[in-house]
Amino acid sequence: MSRKQTQLRLTPDVLEAGKEAAAARGLDFNRYVERLIAEDTTGARAAGMAAAQRLIDSHGSFLDELEAELDTQHAPAPRNRDAAA
């Protein structure tokens, strides 16, 4: 499959975010952009988002309760203002 070269003009912060996202996925930047376009145009991204929404709709209250429980477990201990420094 032959490849065509194209040019993108991105703001520095968007370019950096894209490079970081690509690295986090183990992809080079070009492959990351290619995957984003493919996912967007094939419906894969929309299918993933729909599946995520179904999960939230079905289990959202459980996930909210779990998140609250974890937040409570990992909350910093209150500081005693009267304790000596």
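Whatever comes next refers back to the structure up there.
Note that the coordinates shown come from a computational prediction; the quantities given were computed from them, not determined experimentally. (Residues numbered from 1 in each chain as written. Predicted model: local features only at pLDDT ≥ 70, side-chain atom pairs only at ≥ 80, totals over all residues. Heavy atoms only, no water.)

A.B. asks: Help me understand the pattern of salt bridges, please; the structure alone is not making it clear to me.
C.D. replies: If the charged atoms of two oppositely charged side chains come close together, the side chains can form a pair. Under the criterion given, the structure shown has 2 salt bridges. Residue Glu34 is joined to Arg3 by a salt bridge in which the shortest nitrogen-to-oxygen separation is 2.7 Å. You can see Glu34 sitting in helix α2 (residues 29–42) and its partner Arg3 sitting in the segment before α1 (12–24), a full 31 residues away along the chain. Using a relative accessible area of 62% as the deciding quantity, one classes Arg3 as exposed. The residue Arg31 makes a salt bridge to Glu34 at a minimum N-O spacing of 3.4 Å. Of the two residues, Arg31 and Glu34 both sit in helix α2, 3 residues apart, roughly one turn of that helix. (Salt bridge = Lys/Arg side-chain N within 4 Å of Asp/Glu carboxyl O. Helix = DSSP H or I, 4+ residues; strand = E, 2+ residues; numbered from the N terminus. Buried < 20%, exposed > 50% of the residue type's maximum accessible area, 1.4 Å probe, protein only.)

A.B. asks: Would you mind showing me how to read helix α3 (residues 44–73) here?
C.D. replies: For the α-helix, the turn length of 3.6 residues means that residues three or four positions removed from each other point alike. With 30 residues, α3 extends just 37 Å between its outermost C-alpha atoms, more than 12% less than the 44 Å of an ideal straight helix rising 1.5 Å per residue. Along α3, the largest kink reaches about 75° and is centred on His59. (Expected span 1.5 Å × (residues − 1). Bend = angle between axes of the 7 residues up to and from the residue.)

A.B. asks: So what exactly am I meant to see when it comes to the environment of Leu15 here?
C.D. replies: With respect to the secondary-structure elements, Leu15 resides in helix α1. Distance from Leu15 to Ala46, taken between C-alpha atoms, is 24 Å for residues 31 residues apart in sequence. Every residue in contact with Leu15, bar those within four places of it in the chain, is listed here: Leu10 and Phe29. (Contact = heavy atoms within 4.5 Å.)

Purely geometric numbers; function is a separate question.
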